[in-house]
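Residues per chain are reported as follows:
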Amino acid sequence: MNKPVLPVSSLSLKLPKADRSIETYRLAASPAFPSRLEGTLNRVAFSAAHVVSDSMADVDPWLNAAVDWDRTIAFREHVWDLGLGVAEAMDTAQRGMGLDWPTSLELIQRSVRAAKARGHALVFSGAGTDHLAVEDAKSLDDVIRAYEEQIAAVEKAGGRIILMASRALAKIGRKPDDYAKVYDRVLSQVAEPVIIHWLGDMFDPALRNYWGTSNLDEAMDVAVEVINTNASKVDGVKVSLLDEQREIDMRRRLDKDVKMYTGDDFNYAELIAGDAQGFSHALLGIFDAIAPAASYALSRLAAGDAAGFHDVLGPTVPLSRHIFKAPTRFYKTGIVFMAYLNGHQDHFNMVGGQESTRSTLHLAELFRLADKAGLLANPELATRRMKDVLATRGIES
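The sections below set out a description of the structure shown in this document.

Quick notes on the rules
- Residues numbered from 1 in each chain as written.
- Predicted model: local features only at pLDDT ≥ 70, side-chain atom pairs only at ≥ 80, totals over all residues.
- Heavy atoms only, no water.
- Helix = DSSP H or I, 4+ residues; strand = E, 2+ residues; numbered from the N terminus.
- Rg over C-alpha atoms; globule rule 2.2 N^0.38 Å.
- Buried < 20%, exposed > 50% of the residue type's maximum accessible area, 1.4 Å probe, protein only.
- Contact = heavy atoms within 4.5 Å.
- Lys, Arg positive; Asp, Glu negative; His and termini not counted.
- Charge placed at Lys NZ, Arg CZ, Asp CG, Glu CD.
- Pairing = 2+ DSSP bridges.
- Axes fitted to C-alpha atoms, helices over the stretch in contact; angles between N-to-C directions.
- Right-handed = clockwise from strand over helix to strand, strands pointing away.
- Expected span 1.5 Å × (residues − 1).
- Arc of directions from axis to C-beta.
- Parallel < 35°, antiparallel > 145°, perpendicular 65-115°, else oblique.
- Left-handed = near helix turned anticlockwise from the far one by under 90°.
- Nonpolar A, V, L, I, M, F, W, Y, C, P; charged D, E, K, R; others polar.

1. Structural notes on the overall build of the protein chain
Here is step 1 of the chain: Counting its regular elements, the protein chain contains 15 helices and 10 strands.
Here is step 2 of the chain: A globule of 397 residues ought to have a C-alpha radius of gyration of about 21 Å, and the protein chain, at 21 Å, matches this closely.
Here is step 3 of the chain: Counting across all 397 residues of the protein chain, residues that qualify as buried make up 55%.
Here is step 4 of the chain: For the protein chain, restricting intrachain contacts to residue pairs at least 6 apart in sequence, the fraction spanning at least 24 positions comes to 69%.
Here is step 5 of the chain: The average position of the 45 basic charges and that of the 53 acidic charges among the side chains of the protein chain differ by 2 Å.

Okay, here's the thing in structure tokens:
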């Protein structure tokens, strides 16, 4: 069967190819997705939203974080308009790679206030131990106190908790019982059920051997035991292992009242659609970049149009796999580049200077894939901005 031929627009630009040649790329005539939710959703879906750096601040980007608060909150308004929740101050906010805890807390406070002003739009916020330097963590009690400090601060702000994985615990925790002790203690104190985030070492190498073992099957056993033992304190678990079958296996083992939030930016379409035995909700970094398409696809799924859901979301998967390709920890660059192309910010600067982590070829392929998925909201603007970035990298249009 021949693949359908996409209609072509009048826009074109020169893009580099892997063989070092330059091609004239002509854009497709992309569909326009609604800017607000149309219909309802039958999945809970969070976007792990990025922050917009302040490009006019006189700071050293590798050393100090400067945030454009107005644009950052405006992006959250965009996400909420689409019916999605915001997973605040997590990895796509450059946390652990430029965004420190004091700035993260201010971000959380501002986001929670903005959500309440809208009539309690959905926002959960990351609480971890990142203000505790790994080398200063000497005991499990140090890790527990660090978690308690951040949880108390988020709850004081009126926020709900995403319990982030801890680099300090990964260093000190030698066996599964160490993890059980920390999570049992911390979860016993939370005011409302939390989302637990299991972040794989492909996202953060410092989290290798999380749950006290290098064997993922054994780690799964430990995580499931901890979660199910504390089910009344757990809203759900976000799994970021980029392993579709492992997520499905875990989903089927969870307490019936605990949600699975997919963090699989490679296989999210199938995992959200689910099967006869269940489905995953979503808490995804890629939903930052594809929020309009995600919202529309999820509304089609809720309306019983599974084919429409896959028709919209399926073409976004190649883009997501490209953005999240190894080294996966640099995926934030592609997320922010999409925000720049789509007019959510006026520059391609990032907290921590992370705009430099991906190559010109990577950004060029991102542009092609975004265009093919219909994700360039304003193709004229996106084309002009892509040309500007290429010019700074020695490729003139």
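The structure having been displayed, the exposition proceeds.
2. Remarks on the sheet that holds strand β7 (residues 194-199)
Here is step 1 of the chain: Strand order in the closed barrel formed by 8 strands is β3-β4-β5-β6-β7-β8-β9-β10, with parallel pairing between adjacent strands. The sheet shows a mean angle of 30° between the axes of neighbouring strands, direction not considered.
Here is step 2 of the chain: Two strands pair when backbone bridges link them, and strand β3 (residues 45-47) and strand β4 (residues 85-88) are joined in this way by 2 bridges, in the parallel orientation. The residue bridging Phe46 from the neighbouring strand is Gly85, located in β4.

3. Thoughts on the environment of Thr262
Here is step 1 of the chain: On the secondary structure map, Thr262 appears in strand β9 (residues 259-262).
Here is step 2 of the chain: With relative accessibility at 0%, the residue Thr262 sits in the buried group.
Here is step 3 of the chain: Separated by 18 residues in sequence, Thr262 and Ser280 place their C-alpha atoms 5.7 Å apart.
Here is step 4 of the chain: Ignoring sequence-local partners within four residues, the contact set of Thr262 consists of Val239, Glu247, Tyr268, Leu271, Ile272, Ser280, His281, Ala282, Leu283 and Leu284.

4. Thoughts on the pairing of strand β6 (residues 160-163)
Here is step 1 of the chain: In this sheet, β6 lies alongside strand β5 (residues 123-127) in parallel orientation, the contact comprising 4 bridges. Paired with Phe124 across the two strands is Arg160, which belongs to β6.
Here is step 2 of the chain: On the question of chirality, the crossover connecting β5 to the parallel β6 by way of helix α3 (residues 140-156) is right-handed.
Here is step 3 of the chain: Where β6 meets β7, 2 bridges bridge the pair, whose relative direction is parallel. Bridge assignment links Ile162 to a residue of β7, and that residue is Ile195.

5. Re helix α5 (residues 176-187)
Here is step 1 of the chain: Over its 12 residues, α5 extends 16 Å from the first C-alpha to the last, a length consistent with the 16 Å expected when each residue adds 1.5 Å.
Here is step 2 of the chain: Within α5, burial applies to Asp178, Tyr179, Val182, Tyr183, Val186 and Leu187. Taken end-on, α5 shows its buried residues confined to a sector of 145°, consistent with a single buried face.
Here is step 3 of the chain: Buried positions along α5 lie against α3, β6, α4 (167-172), β7, α6 (216-229) and β8 (234-240).

6. Some points on the packing of helix α12 (residues 316-323) against helix α14 (residues 360-372)
Here is step 1 of the chain: Where α12 meets α14, the closest approach of the two axes is 9 Å, and the angle between their N-to-C directions is 165°. Of the possible angle classes, the one that applies to α12 and α14 is roughly antiparallel. Seen from above, α12 lies across α14 with left-handed handedness. Of α14, the residues touching α12 (which contributes Pro318, Leu319, His322 and Ile323) are His362, Glu365, Leu366, Leu369 and Ala370.

7. Points about the packing of helix α13 (residues 332-341) against helix α15 (residues 379-392)
For any two helices packed against each other, the geometry comes down to the angle between their axes and how far apart the axes lie.
Here is step 1 of the chain: Contact pair α13 / α15: the axes reach a minimum separation of 8 Å and the direction vectors enclose 125°. Judged by the inter-axis angle, α13 sits oblique to α15. Contacts between α13 and α15 involve Phe337, Tyr340 and Leu341 on the former and, on the latter, Leu381, Ala382, Arg385, Met386, Asp388 and Val389.
Here is step 2 of the chain: Its residues assigned to classes, the contact of α13 with α15 comprises 7 nonpolar, no polar and 2 charged.

8. Digging into unusual backbone geometry
As a rule of thumb, non-glycine residues mostly have phi less than zero, and peptide bonds are mostly trans rather than cis.
Here is step 1 of the chain: Looking along the chain, the bond that leaves Ala326 and enters Pro327 is cis, with omega of -5°.
Here is step 2 of the chain: For Asn209, which is not glycine, the phi dihedral falls at a positive 65°.
Here is step 3 of the chain: With respect to the helices, strands and loops of the structure, Asn209 is situated in the loop between β7 and α6.
Here is step 4 of the chain: The class for Asn209 is partly exposed, based on a relative accessible area of 39%.

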